[in-house]
Amino acid sequence: MRFLFFLILLAGIGIGVVYPWAMSNFSGHEIGTWRVYEQGRFKPVTVPLAARDAPVRVLVDLTARAERIVVSQQRTVLTLTAATGGRTVLASTLQFNHSENPRQVSPQLPDKIFRDEAGLIPTVSPGPYIFTVGPGDPEGIEMRAVDLVLRSGVGEVDQRAQPVGFSLMAVGLIGLVLAFRFGGGGRPQNPNSQPPPPRWGRGGSSN
């Protein structure tokens, strides 16, 4: 039973954690990367997109001198909008507080790269798209640079995956705890440690 619950736990991690992360970061191919903040200045970038690029996943990499970013749910580190033909197709707030394993810029530098997803542009009208990244409330975060990353032809994460994965993780973890607690983990009893049964008849004890 322990092995079964361990497999359930692994399946939950794969469905609820690994699958969404892989779809967000590795599905499709990268269109390009553009620097939108450097030396204290934000600047909009214009990117020509084609219909074949859809859907387009919009990611933002924040380079900062920090080990991790901890902000409240009400606090926004950066904002992003994407517009084409005078209409906004994407508006997002970025917090970066779920970047558990930031990338290191260089072993010689203390800066780390934190990634957050701004959202998905499901359909693309051919033409230029203007991406504007601006500050939210980055107080206490020493920003070095901000990069816009676009990925084309990405798969969309099934919204049912994470709830199912987290449920399987809970079942597997609870099952493992119960299996270890009530699974009779003690040593098997040595039959030679038991006293011999009483002998009756000749040579045995008698009343």
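Located above this text is the structure these notes cover.
All of these numbers come straight from a predicted model, not from anything done at the bench.

Caption draft 1: Quick peek at the overall build of the protein chain. Looking only at helices and strands, one finds two helices and 10 strands in the protein chain. Helices (α) and strands (β) of the protein chain occur, in sequence order from the N terminus, as α-β-β-β-β-β-β-β-β-β-β-α. Relative to its full complement of 207 residues, the protein chain shows a buried share of 36%. Within the protein chain, counting contacts between residues at least 6 apart in sequence, those at least 24 apart form 81% of the total. Element-wise, carbon and sulfur atoms account for 56% of the exposed surface of the protein chain, whose accessible area totals about 13200 Å².

Caption draft 2: Molecular detail of the environment of Ile121. Within the secondary structure, Ile121 is located in strand 8 (residues 112–121). Taking the C-alpha atoms as reference points, Ile121 and Pro55, separated by 66 residues in sequence, lie 5.6 Å from one another. Sequence-distant contacts of Ile121, defined by excluding residues within four places in its chain, comprise Pro55, Val56, Val58, Ala82, Val89, Leu90 and Phe131.

Caption draft 3: How the structure looks around the sheet that holds strand 7 (residues 103–104). One open sheet holds the six strands; their spatial order is 2-1-10-4-8-7, and the pairing between them is antiparallel. Lying at the two open borders of the sheet, with one neighbouring strand each, are strand 2 (41–42) and strand 7.

Caption draft 4: Structural detail: a nonpolar patch on the surface. Residues Phe3, Phe6, Leu7, Leu10, Ile13, Val17, Val18 and Phe166 make up a contiguous nonpolar surface patch of roughly 710 Å² in combined accessible area. Take the nonpolar patch: its biggest share by element is seven residues, from helix 1 (residues 2–26). The topology assignment puts Phe3 in helix 1. Of the residues examined, Phe3 reaches a relative accessible area of 58% and is grouped as exposed.

Caption draft 5: How the structure looks around the pattern of salt bridges. Counted under the stated rule, the structure contains nine salt bridges. Ionic pairing is found between Arg144 and Asp111, a salt bridge with its closest N-O pair at 3.6 Å. Highlighted residues: Arg144 in strand 10 (residues 143–152) and Asp111 in the loop between strand 7 and strand 8, separated in sequence by 33 residues. With relative accessibility at 31%, the residue Arg144 sits in the partly exposed group. Salt bridges here are not isolated pairs; linked through shared partners, they connect Arg65, Asp111, Glu142 and Arg144.

Caption draft 6: Local environment of unusual backbone geometry. Looking along the chain, the bond that leaves Ala54 and enters Pro55 is cis, with omega of -10 degrees. Inspection of the secondary structure assignment puts Pro55 in the loop between strand 3 (45–49) and strand 4 (56–64). Its identity as a non-glycine residue notwithstanding, Gln39 has a phi of 55 degrees, on the positive side. Turning to its location among the elements, Gln39 is positioned in the loop between strand 1 (29–38) and strand 2.

Caption draft 7: Structural view of the pairing of strand 1. Both strand 1 and strand 10 contribute to a ladder of eight bridges, which runs antiparallel. Each residue of the ladder has a partner; that of Arg35, found in strand 10, is Asp147. Where strand 1 meets strand 2, two bridges bridge the pair, whose relative direction is antiparallel. Bridging from a neighbouring strand, Tyr37 pairs with Phe42 of strand 2. Adjacent in sequence and paired antiparallel, strand 1 and strand 2 are bridged by two residues, among which Gln39 carries a positive phi angle near 55 degrees.

Caption draft 8: Structural context of the sheet that holds strand 9 (residues 127–135). If you walk across this open sheet you meet the four strands as 3-9-5-6, and the pairing is antiparallel. Among the strands making up the open sheet, the edge pair consists of strand 3 and strand 6 (87–94). Each strand of the sheet is rotated relative to its neighbour by a mean of 20 degrees, with strand direction disregarded. Both strand 5 (residues 78–84) and strand 6 contribute to a ladder of seven bridges, which runs antiparallel. The residue of strand 6 that forms the bridge with Leu80 is Ser92.

About the cut-offs
- Counting restarts for each chain: residues are numbered from 1 in the order of the written sequence.
- Predicted model: local features are reported for residues with pLDDT of at least 70 only, side-chain atom pairs are reported and counted for 80 or more only, and whole-chain, interface and lining totals are derived from all residues.
- Excluded from the side-chain calculation are hydrogens and water; included are all heavy atoms of the structure.
- Counting from the N terminus, the helices are the DSSP runs of H or I reaching at least four residues and the strands are the DSSP runs of E reaching at least two.
- Each residue gets one of three labels from its accessible area relative to the maximum for its type: buried under 20%, exposed over 50%, partly exposed in between, using a 1.4 Å probe on protein chains only.
- Residue contacts follow a heavy-atom distance rule, with two residues in contact if any of their heavy atoms lie within 4.5 Å.
- Using a 1.4 Å probe, accessible areas were evaluated by the Shrake-Rupley method; residue-level cover was limited to the displayed protein chains.
- Here, a strand pair is defined by DSSP locating no fewer than two bridges between the strands.
- For patches, a residue must show more than 30% relative accessible area and have no salt bridge; joins then use 9 Å for like charges and 5 Å for nonpolar side chains, namely Val, Leu, Ile, Met, Phe, Trp and Tyr.
- For this document, the term salt bridge refers to a Lys or Arg side-chain nitrogen within 4 Å of an Asp or Glu carboxyl oxygen.
- Working convention: axes come from line fits to C-alpha atoms, limited for helices to the stretch in contact. Angles between N-to-C directions cover 0 to 180 degrees.

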